[in-house]
There are 6 protein chains.
Amino acid sequence: MRVAIFRKAHFNAAHRLHNPHWSDEKNEEVYGLCNNSNYHGHNYELIVKVTGEVDEESGYLMDLKVLSDIIKKHVEHVFDHKNLNLDIPYFKDVIPSTENFCYLIHQILSDVIDEDKEVQITLYETPRNYVQYPA
Amino acid sequence: MRVAIFRKAHFNAAHRLHNPHWSDEKNEEVYGLCNNSNYHGHNYELIVKVTGEVDEESGYLMDLKVLSDIIKKHVEHVFDHKNLNLDIPYFKDVIPSTENFCYLIHQILSDVIDEDKEVQITLYETPRNYVQYPA
Amino acid sequence: MRVAIFRKAHFNAAHRLHNPHWSDEKNEEVYGLCNNSNYHGHNYELIVKVTGEVDEESGYLMDLKVLSDIIKKHVEHVFDHKNLNLDIPYFKDVIPSTENFCYLIHQILSDVIDEDKEVQITLYETPRNYVQYPA
Amino acid sequence: MRVAIFRKAHFNAAHRLHNPHWSDEKNEEVYGLCNNSNYHGHNYELIVKVTGEVDEESGYLMDLKVLSDIIKKHVEHVFDHKNLNLDIPYFKDVIPSTENFCYLIHQILSDVIDEDKEVQITLYETPRNYVQYPA
Amino acid sequence: MRVAIFRKAHFNAAHRLHNPHWSDEKNEEVYGLCNNSNYHGHNYELIVKVTGEVDEESGYLMDLKVLSDIIKKHVEHVFDHKNLNLDIPYFKDVIPSTENFCYLIHQILSDVIDEDKEVQITLYETPRNYVQYPA
Amino acid sequence: MRVAIFRKAHFNAAHRLHNPHWSDEKNEEVYGLCNNSNYHGHNYELIVKVTGEVDEESGYLMDLKVLSDIIKKHVEHVFDHKNLNLDIPYFKDVIPSTENFCYLIHQILSDVIDEDKEVQITLYETPRNYVQYPA
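Computed from a prediction, not measured in an experiment: that's the story for all the values here.

Engineer: So what exactly am I meant to see when it comes to the overall build of chain A here?
Structural biologist: A count of helical and extended segments in chain A gives 4 helices and 5 strands. Across its three principal axes, chain A shows a C-alpha extent of roughly 60 × 25 × 25 Å. Out of the 135 residues in chain A, the part that is buried amounts to 61%. For chain A, the proportion of contacts with a sequence separation of at least 24, taken over those separated by at least 6, is 68%. Just so you have it, chain A exposes about 5700 Å², and 48% of that area is on carbon and sulfur atoms.

Engineer: Explain the confidence of the model for chain A to me, please; I cannot follow it from the model alone.
Structural biologist: When pLDDT is low, close inspection of the predicted coordinates is not appropriate. On average, residues of chain A score 97 in pLDDT, and 100% of them reach the 70 mark or higher. Taken together, the chains of this predicted complex give a pTM of 0.97 and an interface ipTM of 0.96.

Engineer: Where do I start with the relation of the copies chain A and chain F in this structure?
Structural biologist: Aligned on chain F, chain A shows an RMSD of 0.0 Å; the corresponding rotation is 180° and the shift along the axis is 0.0 Å. Expressed as a symmetry operation, the mapping of one chain copy onto the other fits a two-fold axis. In this assembly, 100% of the residues forming the interface of chain A have copies in chain F that are likewise at the interface, indicating an isologous arrangement.

Engineer: Help me out: how do you make sense of the arrangement of the chains in this one?
Structural biologist: Regarding chain A and chain C, which are not in contact, the minimum distance between any of their C-alpha atoms is 14 Å. Between chain B and chain E there is no contact, and the shortest C-alpha to C-alpha separation is 14 Å.

Engineer: Teacher, can you tell me more about the side chain of C:Glu125 here?
Structural biologist: By the element assignment, C:Glu125 lies in strand β4 (residues 118-126). Of the buried charged residues, C:Glu125 lacks a salt bridge, with E:Arg7 as the closest side chain of opposite charge at 8.5 Å.

Engineer: Please explain the interface of chain A and chain F as it appears in this structure.
Structural biologist: The extent of an interface is frequently quoted as the accessible surface area lost upon association of the parts. Contacts between the two partners involve 23 residues from chain A, matched on the other side by 23 residues from chain F. Interface of chain A and chain F: buried area, both sides summed, is about 1700 Å²; carbon and sulfur atoms make up 50% of it. Of all residues in chain A, the largest losses of buried area upon contact with chain F belong to A:Asn38, A:Asn43 and A:His81, amounting jointly to 33% of the total for that side. Linking chain A with chain F are 0 salt bridges. The tally of links between chain A and chain F comes to 15 residue pairs in polar contact (both at pLDDT 80 or more). Counting residues per element, the side of chain A that touches chain F draws most heavily on strand β2 (residues 40-53) of chain A, which supplies 5 residues. Its residues assigned to classes, the side of chain A that touches chain F shows 7 nonpolar, 11 polar and 5 charged.

Engineer: Would you mind going over the packing of aromatic side chains with me for this structure?
Structural biologist: Any two aromatic rings considered together are summarised by their centre-to-centre distance and by the angle between their planes. Counting across every chain of the model gives 72 aromatic pairs over all chains. Both rings, one in E:Tyr124 and one in E:Tyr130, keep their centres 4.0 Å apart while their planes meet at 15°; by these two values the pair is stacked. Each member of the aromatic cluster is reached from another via a ring pair, and the members are A:Phe11, A:Tyr44, A:Phe79, A:Tyr90, A:Phe91 and A:Phe101. Cation over ring: C:Lys26 sits above C:Trp22, and NZ or CZ is 4.5 Å from the ring centre.

Engineer: Mind showing me how you'd approach the packing of helix α2 (residues 64-79) of chain E against helix α4 (residues 98-112) of chain E here?
Structural biologist: For any two helices packed against each other, the geometry is given by the interaxial angle and the distance between the axes. All names here are of chain E. Running from N to C, α2 and α4 cross one another at 145°; their axes reach a closest spacing of 10 Å. Seen from above, α2 lies across α4 with right-handed handedness. Residue-level inspection shows Ile70, His74, Val75 and Phe79 of α2 in contact with α4, the latter providing Phe101, Leu104, Ile105, Ile108, Leu109 and Val112. When its residues are assigned to classes, the contact of α2 with α4 shows 9 nonpolar, 1 polar and no charged.

Engineer: I'm lost on the pairing of strand β5 (residues 129-133) of chain F in this one. Help?
Structural biologist: Sheet faces and side chains relate simply in a regular strand, where the side chains alternate between the two faces. Burial analysis of β5(F) places 5 of its 5 residues in the buried class, which makes it a mostly covered element. Burial of β5(F) is two-sided: the residues F:Asn129, F:Val131 and F:Tyr133 facing one way and the residues F:Tyr130 and F:Gln132 facing the other way are all buried. Alignment of strand β1 (residues 2-15) of chain C against β5(F), held across 4 bridges, turns out to be antiparallel. By the bridge assignment, C:Arg7 is partnered in β5(F) with F:Asn129. In terms of strand pairing, strand β4 (residues 118-126) of chain F meets β5(F) through 5 bridges, oriented antiparallel. When the sheet's bridge partners are listed, F:Ile121 is paired in β5(F) with F:Tyr133.

Engineer: Even after reading the chapter, I still don't get the environment of B:Glu29, so can you show me in this structure?
Structural biologist: Its location among the elements puts B:Glu29 in helix α1 (residues 24-31). Sequence-wise, B:Glu29 and B:Asp55 are 26 residues apart; in three dimensions their C-alpha atoms are separated by 52 Å.

Engineer: Honestly, helix α1 (residues 24-31) of chain D in this entry has me stumped. Any pointers?
Structural biologist: Side chains that are three or four residues apart share a direction in an α-helix, a result of its 3.6 residues per turn. Residue and element names in this part refer to chain D. For α1, every residue scored as buried is listed here: Asn27, Val30 and Tyr31. Buried residues of α1, viewed axially, fall in a sector of 80°; they line one side. Of the residues in α1, the exposed ones pointing more than 90 degrees away from the buried face are Glu25 and Glu29. One or two steps after α1, the chain reaches Gly32, where phi turns positive at roughly 55°.

Engineer: I keep staring at unusual backbone geometry and nothing clicks. Help me out?
Structural biologist: Apart from glycine, the bulk of residues carry a negative phi angle, and the bulk of peptide bonds sit in the trans form. Cis geometry is adopted by the peptide bond preceding A:Pro134, which originates at A:Tyr133 and carries an omega value of -5°. One non-glycine residue, B:His81, adopts positive backbone phi at about 60°. Relative to the helices and strands, B:His81 resides in the loop between α2 (64-79) and β3 (82-83). Classification of B:His81 by relative accessible area gives buried; the value is 11%. The phi torsion at C:Tyr39 lies on the positive side, around 75°, for a residue other than glycine. The topology assignment puts C:Tyr39 in the loop between α1 (24-31) and β2 (40-53).

Engineer: Explanation requested: the pattern of salt bridges in the structure shown.
Structural biologist: Where side chains of opposite charge bring their charged atoms close, a pairing between them can arise. Tallying each qualifying case throughout the model produces 24 salt bridges over all chains. With its nearest N and O atoms 3.5 Å apart, the salt bridge here joins E:Asp116 to E:Lys117. We classify E:Asp116 as exposed; its relative accessible area is 57%. On the basis of relative accessibility, which here comes to 17%, the residue E:Lys117 falls in the buried class. When salt bridges that share partners are traced, they join A:Asp114, A:Asp116 and A:Lys117 into one network.

Engineer: Any chance you could explain the state of the cysteines here in plain terms?
Structural biologist: As used in these notes, a disulfide is a covalent bond between sulfur atoms, one from each of two cysteines. Residues and elements named next belong to chain A. Within this structure, the stated rule accounts for 0 disulfides over all chains. Cys34 takes part in no disulfide bond, and the closest cysteine sulfur, belonging to Cys102, lies 17 Å away. For Cys34, a relative accessible area of 16% corresponds to the buried category.

Engineer: Sorry, what's going on with the environment of E:Glu115 here?
Structural biologist: Structurally, the position occupied by E:Glu115 is in the loop between α4 and β4 (118-126). Through-space distance from the C-alpha of E:Glu115 to that of E:Gly52 is 9.9 Å; in sequence the pair is 63 residues apart.

Engineer: What should I look at first to understand the pairing of strand β4 (residues 118-126) of chain B in this one?
Structural biologist: Residue and element names in this part refer to chain B. A large share of β4 lies buried, amounting to 8 of its 9 residues. Strand direction decides the pairing type here: strand β2 (residues 40-53) and β4, joined by 7 bridges, are antiparallel. By the bridge assignment for β4, Ile47 is matched with Thr122.

Engineer: I tried to follow the side chain of F:Glu99 on my own but got confused; where do I start?
Structural biologist: Among the secondary structure elements, F:Glu99 is positioned in helix α4 (residues 98-112). Apart from the residues lying within four places of it in its own chain, the contact partners of F:Glu99 are C:Met1, C:Val3, C:Ile5, C:Val54, C:Gly59, C:Tyr60, C:Leu61, C:Met62 and F:Val131.

Engineer: How do you make sense of the environment of B:Phe11 when you look at a structure like this?
Structural biologist: Residues and elements named next belong to chain B. With respect to the helices, strands and loops of the structure, Phe11 is situated in strand β1 (residues 2-15). Judged by relative accessible area, Phe11 falls into the buried class, the value being 1%. For the pair formed by Phe11 and Val112, sequence separation is 101 residues and the distance between their alpha carbons is 20 Å. Among all residues touching Phe11, those that are not within four sequence positions of it are His42, Asn43, Tyr44, Leu46, Val75, Phe79, Asp80, Phe101, Ile105 and Leu123.

Basis of the calculations
- Just so you know, the residues in each chain are numbered from 1, in the order the chain's sequence is written.
- Whichever chain is written first becomes A and whichever ligand is written first becomes 1, with later ones labelled in order.
- Local features are withheld for residues below a pLDDT of 70 in this predicted model, meaning they are given only at 70 or higher, and side-chain atom pairs are given and counted only at 80 or more; totals for whole chains, interfaces and linings count all residues.
- As a rule here, side-chain values cover all heavy atoms of the structure and leave hydrogens and water aside.
- Put simply, DSSP marks the helices as runs of H or I at least four residues long and the strands as runs of E at least two long, and each gets a number from the N terminus on.
- Using a 1.4 Å probe on the protein chains alone, a residue whose accessible area is under 20% of its type maximum counts as buried, one over 50% counts as exposed, and one in between counts as partly exposed.
- Between two residues, a contact is recorded if the distance between any of their heavy atoms is within 4.5 Å.
- Areas reported here follow the Shrake-Rupley algorithm with a probe of radius 1.4 Å; residue values treat only the protein chains shown as occluding.
- Summary of the metric used: pLDDT quantifies the predictor's per-residue confidence within the range 0 to 100.
- Least-squares fitting of one copy onto the other uses the C-alpha atoms of those residues that reach a pLDDT of at least 70 in both copies.
- For the purpose of charge, His is not counted, nor are the chain termini; Lys and Arg are scored as positive and Asp and Glu as negative.
- The working definition used for a salt bridge is a side-chain nitrogen of Lys or Arg within 4 Å of a carboxyl oxygen of Asp or Glu.
- Two parts placed together each lose some accessible area under a 1.4 Å probe, and the buried area is that loss summed for both.
- Any pair of N or O atoms that falls within 3.5 Å is considered a polar contact. Within protein, one atom must be able to donate a hydrogen and the other to accept it, and sequence-neighbouring residues count only if both atoms are side-chain atoms.
- For this scheme, ten residues count as nonpolar: Ala, Val, Leu, Ile, Met, Phe, Trp, Tyr, Cys and Pro. Four count as charged, namely Asp, Glu, Lys and Arg, and the remainder, Gly too, count as polar.
- Stacked, edge-to-face and tilted are the three classes for Phe, Tyr and Trp ring pairs, Trp counted by its six-membered ring, which pair at centre distances within 6.5 Å; planes under 30 degrees apart are stacked, over 60 edge-to-face, the rest tilted.
- Two thresholds decide whether a charge sits over a ring: the Lys NZ or Arg CZ must be within 6 Å of the ring centre and within 35 degrees of the ring normal.
- All axes are obtained by fitting lines to C-alpha atoms, using only the stretch in contact for helices, and the reported angles, taken between N-to-C directions, cover 0 to 180 degrees.
- Take the far helix as the reference: if the near one is turned anticlockwise from it by less than a right angle, the crossing is left-handed, and if turned clockwise, right-handed.
- Strand pairing requires that DSSP identify at least two bridges connecting the strands.
- Arc, as used here, means the arc of the directions from the helix axis to the C-beta atoms.
- Cysteine sulfur atoms are paired as a disulfide whenever they fall within 2.5 Å.

This is the structure:
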């Protein structure tokens, strides 16, 4: 019996979209307000989907309390109330767009969730803009 | 023209997670607060997805009023304001986890919706925890 | 500068509406499905409003982290995953209606929040039914 | 790196479900209240999903500001505050059901979004009823 | 013990804002898109607040099932899937703005709810625009 | 006929809570994660309530399109994608707490909305934490 379980989490962070290999004009043209050199920020809403087989004895695919604790330790604790550009080494050379951020969270959680399960991440930058990986 | 239609519904119920083949310690360890012998409860939010071909004459895949009535009769009427462990025979020998409950609702609705249509169930136990079957 | 701050919290519980001084018929007539002797349950959403003066130095009426911890300790820890009728002594002789439950939470929180502040409670039994005290 | 991005939009419109090849009785039977000859209306919520490869330099699949402007120009500007039956030529001969409306918006947006990307539309007629194309 | 109880309801309708005593230019200038002669429509979300004393025996201010039935009979049944301008006599000489519509629903419900209770109406025309009466 | 109208808006910004007259230890103790020297950020949700008399001719308290444009010009344009501490002169000497930010938005909008109307601001820093002024 293959099901998917979902857990929603929440954190907030500052960031700035800026490609150092581009001119200021190109950065302004591509990123607009998101290029503000003093940073801006978001309440990120995160949905973690885990797909796999239900354990017959417990009736659980995976204890949602355990999943919630994994998200707290590996995502919320790492990113909450942080500046993505300045506080997160991964974003030294990677643009902290929602696409790249969603991909990073997928890498982090795939590494700590059992290999026989599939992980998909949905990350809301605002209530109207969000990204999903893998597509 | 193949589309999916969705209908949301709502009901509430009490339940308790407890495996009678386990010791009290193991039940406490696996289910934590959900093992409370006096039960606790939830407002369950249900999303029924039906996939199939649109009828050219009516412009409908299926009348959403009909789908809504099917959900009322076969799900809300059966589970609303009930104790899953005590009032629902299926859960005499099956743990009423969200995974198993989602699967049961899928079985019930697949039986009463035309075979040329596919049914997928999403069941929210809380606004932050939910399950989907089939995955 | 007088403002109001709000904090939302969440917990779930089972309950049953039953007046032992009434006949079964009257209980059934007044409470309907809510009278189910095996209990049913809800995800309760709670909004705590605290009104008072802003501290000029900190810019805070009250640290929302402190308010959140007070709610966790005095409300969530007490009621989450409980059966209101069986696990909460207050409801031995009081009907656990949303009205009475909202009033009880107001009493609990008013006792532990500074007297120079006013507390108002909004308690959602379902997303469509809720109660506010004081009115 | 293949991801999906989503943008939510909002508009409102009037419509009526009526098949001119049917008798009044059959229209009433199939469409019920939706057949009211004086029209009724909805706040439509739209979710546009675009799937494709992330551009390494910009970190974007597609600028969400650009996607938002495309939706404003080709969907909101065309349908907002309109009567679907009377103001939209496409619905002269097609029933403006949510299924057909969702399909039309997919056709419109697929035509103006790069061919190397896939478009999926989710259209809410009410908060509890919605349609997705392709399924 | 004075509390307030709230019940949310939902219906949809078409309307048009047009003052027959004004020129077409003035109507266009004041009402903009809302003046479309073919009508447009909305999913109206309604919140009915009733304030009064809790009955000690039942623990209820008022049975929310009764309140829900009153709203169904006197509001949803009257306005759902209707054209406010053409189907509702009250709006022959009154502009069906959200302000006036909110006031009308207040008059209707105040007449059928016990005089010892106060009624307040909140009416959402869209998720971002709403009106409250009395203020 | 006195009513209240409401308009919701949305913007995002970075900020940091830090009192320069305090030691680092006291700042850390009072503000915790919110004291991060590299800033963090939020999606702010804003509700503007305007109370006054309905104009009998137009049926409007105030055109919500006009109110929406006022909010765009005087709030969204000023604060969206900004760093409150660095980009907003008012917060050079004032802590950008939600309490103080809510008060500032009230001052700004009260100045540009007709004096015969009352303005109240509700500002969400996160979906679970928000502030209202005047209380």
